[in-house]
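The chain contents come next:
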Amino acid sequence: MSRQERTAGSEGQPESQSAETRLAFHRWAGLFSAAAGVFAICAFLIQPPDRATSDFFSFWAAARLLNASPYDPAALEAAQHAVCPSVRSKRFIRPPFYALMLRPLGRLPFHTAYAVWFAVNVCACFAFLSIWNRRPEAVWAAACFVPLAWSFGLGQDAPLLLMIFAAGTVLTARRRAFAGGAVLALCAIKPNVFFALPVALVAQRRYRALAGMVSGGLALYLASAALLGPGWPTLFVRAAL
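Residues numbered from 1 in each chain as written. Predicted model: local features only at pLDDT ≥ 70, side-chain atom pairs only at ≥ 80, totals over all residues. Heavy atoms only, no water.

Draft legend 1. Spatial organisation of the overall build of the protein. Along the protein, the regular secondary structure elements total 14 helices and zero strands. The order of helices and strands in the protein, counted from the N terminus, is α-α-α-α-α-α-α-α-α-α-α-α-α-α. Since a compact globule built from 241 residues should have a radius of gyration of about 18 Å, the 22 Å found for the protein marks it as more spread out than a globular shape. Burial status across the protein gives 38% buried among its 241 residues. Looking at the protein alone, contacts between residues at least 24 apart form 72% of all its contacts between residues at least 6 apart. (Helix = DSSP H or I, 4+ residues; strand = E, 2+ residues; numbered from the N terminus. Rg over C-alpha atoms; globule rule 2.2 N^0.38 Å. Buried < 20%, exposed > 50% of the residue type's maximum accessible area, 1.4 Å probe, protein only. Contact = heavy atoms within 4.5 Å.)

Have a look at this one:
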């Protein structure tokens, strides 16, 4: 092979790789855009304009009332009815630290906060997919999985929880067990779903991950205690029941 042929071949290879990279980027951008479109239809078009059925009302009102009490049903109802009089039974039944995490949204008008909440959960969904399964069919499956798509319509936080669980699990599997356990502690956002996580870690003898989870859980408890006092679990359980 002549020098000119070798030079031409070496110059053509980067161009071919660049074209493949651009094609892959456009393919993924199209997939994510289609999935985001499905989620947006559920979140904005199917729902009533006043979002009266959205569970986000409970998150937003609790974050807004953080300096008072996120568990006061009368105060929650008053904050929600100031935006939408037809809202019914949107109590806050999550730990106080979650309201603290959502405090920036509580400072925004409801409809602006709702749009930001939608964007946060779309990003969380795609982050979950990038952590857990990066194949194109996984994006289609997520867009077509009705419970996940409809969680956007109900203003819920399923994608956020999926991202947290995936991140903690992957960190634990990659020998960063303490950090993974600390991330998994955030699953306490919805303890009725993730209550068995510590039991699973013990059963698998992942004691370092368990130590991280206990440490993270203690930090979350203290953050909540700083808001509502050390007896906040009683308020939380009472609200949940």
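Draft legend 2. Region of the structure containing the side chain of serine 224. Structurally, serine 224 is set in helix H13 (residues 207-228). Residue classification places serine 224 among the buried positions, given a relative accessible area of 0%. With residues near it in sequence (within four places) discarded, serine 224 still touches Pro96, Phe97, Gly229 and Trp232.

Draft legend 3. Examining the pattern of salt bridges more closely. Scanning the model with the defined rule gives three salt bridges in all. A salt bridge links arginine 135 to glutamate 137, with the nearest nitrogen and oxygen atoms 3.7 Å apart. Residue classification places arginine 135 among the partly exposed positions, given a relative accessible area of 49%. On the basis of relative accessibility, which here comes to 45%, the residue glutamate 137 falls in the partly exposed class. (Salt bridge = Lys/Arg side-chain N within 4 Å of Asp/Glu carboxyl O.)

Draft legend 4. Structural detail: the environment of cysteine 123. Turning to its location among the elements, cysteine 123 is positioned in helix H6 (residues 110-132). Using a relative accessible area of 52% as the deciding quantity, one classes cysteine 123 as exposed. When the C-alpha atoms of cysteine 123 and leucine 160 are compared, they prove to be 8.7 Å apart, with 37 residues separating the residues in sequence.

Draft legend 5. Quick look at unusual backbone geometry. Phi at arginine 51 takes a positive value of approximately 60°, unusual for a residue other than glycine. Relative to the helices and strands, arginine 51 resides in the loop between helix H1 (3-45) and helix H2 (56-64). The exposure class assigned to arginine 51 is buried, which follows from its relative accessible area of 12%.

Draft legend 6. Just the packing of aromatic side chains, in detail. The tally for this structure, following the rule as stated, stands at 19 aromatic pairs. An angle of 70° between the planes, with centres 5.6 Å apart, marks the rings of phenylalanine 59 and tyrosine 98 as edge-to-face. You can see phenylalanine 59 sitting in helix H2 and its partner tyrosine 98 sitting in helix H4 (residues 96-101), a full 39 residues away along the chain. Residues phenylalanine 59 and tyrosine 98 agree in their burial class; the two are buried. Between the aromatic rings of phenylalanine 128 and tryptophan 132, the centroid separation amounts to 6.3 Å while the plane-to-plane angle is 20°, which identifies the pairing as stacked. Highlighted residues: phenylalanine 128 and tryptophan 132, both in helix H6, separated by four residues, approximately one helical turn. For phenylalanine 128, a relative accessible area of 15% corresponds to the buried category. Ring-pair connections join several aromatic residues into one group, and the members of that group are Phe39, Phe44, Phe56, Phe57, Phe59, Trp60, Tyr98, Phe110, Tyr114, Trp117, Phe118 and Phe152. (Phe/Tyr/Trp six-rings, centres within 6.5 Å; stacked < 30°, edge-to-face > 60°.)

Draft legend 7. Quick peek at the nonpolar core. Within the largest apolar cluster, 64 residues are counted, with the highest numbers of intra-cluster contacts made by Phe39, Phe56, Phe92, Tyr98 and Trp117. Considering each element in turn, this core owes the most residues, 11 residues, to H6. Contact partners of phenylalanine 39, with chain neighbours within four places excluded, come to Phe118, Val122, Cys125, Phe126, Ala142, Ala143, Ala149 and Phe152. (Core = buried A, V, L, I, M, F, W, Y, C linked by side-chain atoms within 4.5 Å.)

Draft legend 8. Local environment of the environment of alanine 62. With respect to the helices and strands, alanine 62 occurs in helix H2. Owing to a relative accessible area of 0%, alanine 62 belongs among the buried residues under this scheme. Discounting residues that sit within four places of it in the chain, alanine 62 has contacts with Pro70, Leu76, Phe92 and Ala99.

Draft legend 9. Spatial organisation of helix H8 (residues 146-153). Considered for burial, the residues of H8 that qualify are Leu148, Ala149, Ser151, Phe152 and Gly153. Looking one or two residues beyond H8, the residue adopting positive phi is glycine 155, at roughly 65°.

Draft legend 10. Region of interest: a nonpolar patch on the surface. Taken together, the side chains of Ile41, Leu45, Ile46, Val146 and Trp150 make up a nonpolar region of the molecular surface, amounting to roughly 500 Å² of accessible area. Elements with a contribution of two residues or more to the nonpolar patch: H1 and H8. As for its position among the elements, valine 146 is in helix H8. For valine 146, a relative accessible area of 59% translates into the label exposed. (Patch = residues over 30% accessible without salt bridge, like charges linked within 9 Å, V, L, I, M, F, W, Y side chains within 5 Å. Areas by Shrake-Rupley, 256 points an atom, 1.4 Å probe, with all protein chains shown as cover.)

Geometric values such as these leave the question of function open.
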